[in-house]
Structures are given as C-alpha cells and as structure tokens.
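Reading the structure
Letter by letter, the chains look like this.
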Amino acid sequence: MDSIQREEMEVDVVIVGGGSAGLSAAIRLQQLVNEHNEKNPDSAMEPMIVVLEKASEVGAHSLSGAVMNPCALKELIPDYEEQGCPILSDVKKEAVYYLGEDFKVKSPIVPPPFKNHGNKIVSLSQMTRWLGSKAEEMGIHVFAGFSAVETLFDGDKVVGVRTGDRGLDKDGNPKENFEAGMIIKAGVTIFADGTRSPLFKRVSEKLNLREGKNPEVFELGVKEVIQLPKGGIEAGTVIHTMGFPLNKGVGGTFIYGLPDDQVVVGLCVYLDTSDPLLDVHRELQKLKTHPFMRDLLKDGQVIGYGGKTLPAGGWYSMPKLYSAGMLVSGDAASMVDVKKLKGIHLAMKSGMLAAETSFEAMKKGDFSEESLSSYAEKIEQSVVKDDLWATRNFHQTISKGIFLAAPEMMIQEVTGGRGLWDKMPILHKDSETTKSVLDIWGAEGVDHKDNQLPEPDNKLFYDKLSSVYMTGTMHDEDSPNHLKLQDGNVCQDVCYPKYKSPCNHFCPASVYEMIEDENKEGSKKLQINYTNCIHCQTCDIKCPFNNIDWTLPEAGGGPNYQQM
Ligand code: SF4
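What comes next concerns the included structure. (Residues numbered from 1 in each chain as written. Predicted model: local features only at pLDDT ≥ 70, side-chain atom pairs only at ≥ 80, totals over all residues. Heavy atoms only, no water.)

Right, let's get into unusual backbone geometry. Between Phe244 and Pro245 the backbone carries a cis peptide bond, its omega angle lying at 5 degrees. Counting through the fold element by element, Pro245 comes out in the loop between β15 (237-243) and β16 (251-257). The omega torsion across Asp422 and Lys423 is 5 degrees, close enough to zero to call that bond cis. With respect to the helices and strands, Lys423 occurs in the loop between α12 (402-414) and α13 (437-441). (Helix = DSSP H or I, 4+ residues; strand = E, 2+ residues; numbered from the N terminus.)

Take a look at the structure:
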C-alpha cells in the first residue's frame, strides 16, 4: 500500500481529535486570529485550521461522568449559556456514602475532593457536539470521520499527519469504495486525541518525551444512564460512594441526577489492580443490587451505556508537552485531576494554551522546539498546574487501598499535595500488576461468588453484550481488525492457564473470547470480536503481556454516544 498516490494538503495547524481539548484549541486559535485581523487589517491572517475526528460525527466518541468545572468554558465562550451550551443542571446537593455489603454510612461532611459547588452537570457527548458547531460557525474545518493514523516527521520535527485509508477489506485489500488517506502537512500538529492517544504514544516513544516521568497509569470507568419514574431524583443531585462492590481493586462510584428523572450511575476502577478477573461492567451491575441503590433506582430502566479509560497518573506522569512542530493537550497528556474526577476543564484550558502558543509561532513563522516551549510555561501558570500539582502524589497513595492511604491523603490535603514523600514514584505500569487467579481468588477462581453477574432482567440489569448494543457501536465487518495481537500462543499457553485471560473480563464490550481451538483438542484460542470495540483502550493498557496493540480502525467506526 506504500505505493498509493495520496493527495496532499498544506495547513497551518492540524488538531488531532475533535473532543473538548481539540475543539477548544481550534476555537481559541480562530478567536486570536479574528482579534488580530480586527486590530491589523493590513496584515490580516487567514490560516487554515483543521480538526480531524475519528468518530462519524463530533461527540459520538465523547464520554465522561460528567460534573464539569466551568472555568475554562467561561473563559473560552463567556456567554456559553446564552449561546445554548447544553448544561443539564447546576450541582445542587451533594452526599458521600460508604457502602458495606448491605448497609450504608453517610459521611457527616462532604470531603473537599467531592465538593462540587459551582460546577455543572453535562453530557460530554452533547457538549462536544455543541463545541463542534461553534467551531464550524467560525469557519474552522472540522472533518469528522477522518482519523490521523500516522505522524509525519522531517528528522525529529513533526510536520503533519496522514489520515487513514478507507474501504479496505478484512485482509487489507482495497475494495470498490477504496479512498486513499491524505497527507496533511502543518506548521503545528496538536495532539488532542484523548486517553492513551494511539498516535501520541508512538510520537512520545520516538522523541523520548516520557523520559524521567512516572509511567502513565489509568482508570477504567463505565456508566449507565437510567430513566426513573416521575419524581425519581432531583436534577443536580451528586452522590459519590466507596466500598461495595469493590473488594479487590480501588475505585469509586458517581451518581448524578439529570433533568427529566434520569440518573447517571458510574463506576471507575484503577487499572493497577492485581485482580486478573476485574470486570467493571459486572461490578456496575453488582452495585445496583445494593439496598441503597435498589431504593434509589426503583423501577428504573437503563437507556444508555458506555465506557472509557482516563489517565490517573497526574502531574508526574505528564510527558514533555512540546517538541519541534507539535504540542499535546488534554487526556493525551495525562491531564486529569483523578482525585476530583475532573478533566474536562483541564483539557479545554490546555487546548486553549496550545492555541495561544501556536498563534505566537504562526506570527513568527517559527515552529521550532524553542518557539513552542512557551506552552509548558503557560501550563505552569494555569489551572492545569494548580489542580494537578495539588494531587501529584494522589494515585501513588490511593493505590495502597482507601483505608491504608487515608492518613497520608490527609497530610497531602494540608500540605498542598506534598505529603510525607514527594515525588512519589509509580513503580509499575498497569500491565505489570496482575497476579494469578490462584493468588487472588484461590481454587474457586472464576466460580467465586464475587465474580458472578446479577441475573439480567433487561431493565436494570444487563449482560455485557446487551449493554454494548446501547452504545450504538458499529464497525464495518469487512474491514481490517484494528486490535493487533502480537502472539496468540501467549494467550493460549501462558495467559489462560495462569490468569484466565484478563482481556475476556476487563474489556467492557465483550470483544475478547477464549473459544475451543478446533485445531488443538482440549485447547482454547483467543477470538477477537473487534466490531464490538468501544475504543476504551483498556486492552492496550492492561494485557499482562502487552500482547494487544490498539490501532486506529477505519474512521467513522466505534460507538455513537448521544447522551454520555
Ligand atoms: Fe476497550 Fe480493547 Fe475492549 Fe475495545 S477491545 S472495548 S479498546 S478493551
């Protein structure tokens, strides 16, 4: 396929990813250009700004809790409410509970990380669609259904990206509808393509941008939207719980009251768990069996489901943010305050600062590393640093378990995040922490009662495949498998016997399945149902053998989130 003739396009700035970071970057950049042109009509600029989004439409792959700190949105579009930004509710009341097997204890106060006064409840998929429409109104080229699959270099300088080919069959051969991907050359490439960015992962390896940093670590979150009977919950209610059902991993839940008697119920779990059978979808179903949840969700009907990973390492896991011709922002740069479960405002603000840096570089015509280095200084002086610095040792501490970590977390709270030991290292990547089924679950293994899914009723309780159906996920069945398995023998001969194939459990979309191997009696092989993939990236992160490489599927495929 290397001999393909490709169209070439020269642009000023290409932004990889049309999520909150990428669209904020595009909008801020166009605002700066407009301000410049008003003041300097004789030297007006008309840069070409392109946003590439792999989803079929902007917002279709965007998912978050989400309670948003509106500070960055207010700065970007001060009259966002008047302009119709889909804010679902202000946060009106908050509570925190510890859940035991069949009891609950309400915290007498709302601990600081859970305080959400002044924040807004949003659906990120809806808000991203709105940001996309604002960008298009400004004349920005937002190309949905186009994924950047390769970064282009001139030596060590990033000079643009190549978009993916479309119309390839399962074996990678062109079909009748084949369309070759394009070469897009740009002065600045802003990587804003979200958690475990597949493109930036390779760029950071090539340019050594993670040298001296803690490794990237992640949480996996799944959520459901549930329709309750009239009067079921007050919009603006925010509840967090800890404890049940998790007993082998660290994480917590979030419950947000939406308008029209809808409620979001979600669960996030750190992927540094040693549990080989972690199944966050199953744990979410179990959560709903708790008496407290049964009361809250009485007569509810699940109407939406989705999942994504989020970076959890914070400040010390952030890569170097710039190099010649490139900047990185948002989740792709680990910019999530995992203590408060907040990342949208950091994604937006970092995107805006990337835009300001790009604008200065465009005016100078200088896209060198030195010219773009001011981005890191801007981040240092922003809410990104403020929030992430205050929680810089949080993940390292909470990973010990909530009760063991509590005293250290209190010291961190009063010392601005420093605690007793700063900088705390992260010793292991998430792929390195899994232990054997025997070690964690004893002889019972997968049959242990804690590994059982509550009986699905297709109302409040669902099996995984039925949940995936609600995501609207589509991939062309006759397109190449984007989940590249390095060595299937490892799955069969080592992983299944010892770990019982963690990917069969952690994948929130039932993509991986150990099935009988028809060529080897009594043996199993891994089947990959790649068309179910909801692009959460967990398999790329958590496979104990780093045996799965998540690559970009044909653009336009994946989930189609409407209200996530
Ligand atoms: Fe997530 Fe991987 Fe499963 Fe896709 S295959 S849904 S990326 S774990």
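Attention now moves to the sheet that holds β15. Spatial ordering of the open sheet is given by β6-β5-β15-β16-β17-β14-β18, a layout of 7 strands whose pairing is mixed. Strands at the two margins of the open sheet, each flanked by one partner only, are β6 (104-106) and β18 (301-311). Averaged over all adjacent pairs, the angle separating strand axes in this sheet is 20 degrees, with direction ignored. By the bridge criterion, 7 bridges tie β16 to strand β17 (residues 262-270) in an arrangement that is antiparallel. Each residue of the ladder has a partner; that of Gly257, found in β17, is Val263. (Pairing = 2+ DSSP bridges. Axes fitted to C-alpha atoms, helices over the stretch in contact; angles between N-to-C directions.)

The side chains of a regular strand alternate, first on one face of the sheet and then on the other. The buried count for strand β2 (residues 49-53) comes to 5 of 5 residues, which makes it a mostly enclosed element. Neither face of β2 is open: one carries Ile49, Val51 and Glu53, the other Val50 and Leu52, and all of them are buried. Of the strand pairs in this sheet, strand β1 (residues 8-16) and β2 are connected by 4 bridges, and their pairing is parallel. Counterpart to Ile15 in the pairing with β2 is Val51. Once you follow β1 into helix α1 (residues 20-39) and on to β2, the crossover reads as right-handed. Note: β2 against strand β8 (residues 141-144), 4 bridges, orientation parallel. Bridging across to β8, Glu53 finds its partner in Ala144. (Buried < 20%, exposed > 50% of the residue type's maximum accessible area, 1.4 Å probe, protein only. Right-handed = clockwise from strand over helix to strand, strands pointing away.)

Moving on: the packing of α1 against helix α3 (residues 124-137). In the contact formed by α1 and α3, the axes pass within 10 Å of each other and the chain directions differ by 20 degrees. It follows from the interaxial angle that α1 and α3 lie roughly parallel. α3 is crossed by α1, and the crossing has left-handed handedness. Residues Ser20, Leu23, Ser24 and Ile27 of α1 pack against Thr128, Leu131, Gly132, Lys134 and Ala135 of α3. Counted by class, the contact of α1 with α3 contains 4 nonpolar, 4 polar and 1 charged residues. (Parallel < 35°, antiparallel > 145°, perpendicular 65-115°, else oblique. Left-handed = near helix turned anticlockwise from the far one by under 90°. Contact = heavy atoms within 4.5 Å. Nonpolar A, V, L, I, M, F, W, Y, C, P; charged D, E, K, R; others polar.)

With that out of the way, let us pick up the site of the ligand. Around the ligand, the surrounding shell holds 14 residues, and the nearest of these are Cys507, Cys533, Cys536, Gln537 and Cys539. For the shell around the ligand, the residue count by class is 11 nonpolar, 3 polar and no charged. (Near = heavy atom within 4 Å.)

The next thing to look at is the environment of Gln396. Counting through the fold element by element, Gln396 comes out in helix α11 (residues 394-398). For the pair Gln396 and Gly314, spaced 82 residues apart in the sequence, the C-alpha separation amounts to 9.9 Å. Ignoring any residue separated from it by four or fewer positions in sequence, one finds Gln396 in contact with Asn214, Tyr316, Met424, Pro425 and Ile426. Among the polar contacts listed, one links the side chain of Gln396 to the backbone oxygen of Arg392, at a separation of 3.1 Å. From its side chain, Gln396 meets the backbone oxygen of Met424 in a polar contact 2.8 Å long. (Polar contact = N/O pair within 3.5 Å; in protein donor to acceptor, adjacent residues only side chain to side chain.)

Glancing now at α12. Along its 13 residues, α12 runs 18 Å from first to last C-alpha, staying within 8% of the 18 Å computed at 1.5 Å per residue. At Glu408, α12 shows its maximal kink, close to 35 degrees. Every buried residue belonging to α12 is among Ala405, Glu408, Met409 and Gln412, and all of these are buried. Buried positions along α12 lie against α11. (Expected span 1.5 Å × (residues − 1). Bend = angle between axes of the 7 residues up to and from the residue.)

Quick look at helix α4 (residues 198-207) now. Along α4, 7 of the 10 residues are buried, which leaves the element largely enclosed by surrounding structure. When α4 is considered as a whole, its buried residues turn out to be Pro198, Leu199, Phe200, Lys201, Val203, Ser204 and Leu207. Of the residues one or two after α4, Asn208 is the one with positive phi, at around 60 degrees.

We now examine the state of the cysteines. Across all of its chains, the model carries 0 disulfides by this definition. Unpaired in terms of disulfides, Cys503 finds its nearest cysteine sulfur in Cys495, a separation of 6.3 Å. (Disulfide = S-S within 2.5 Å.)

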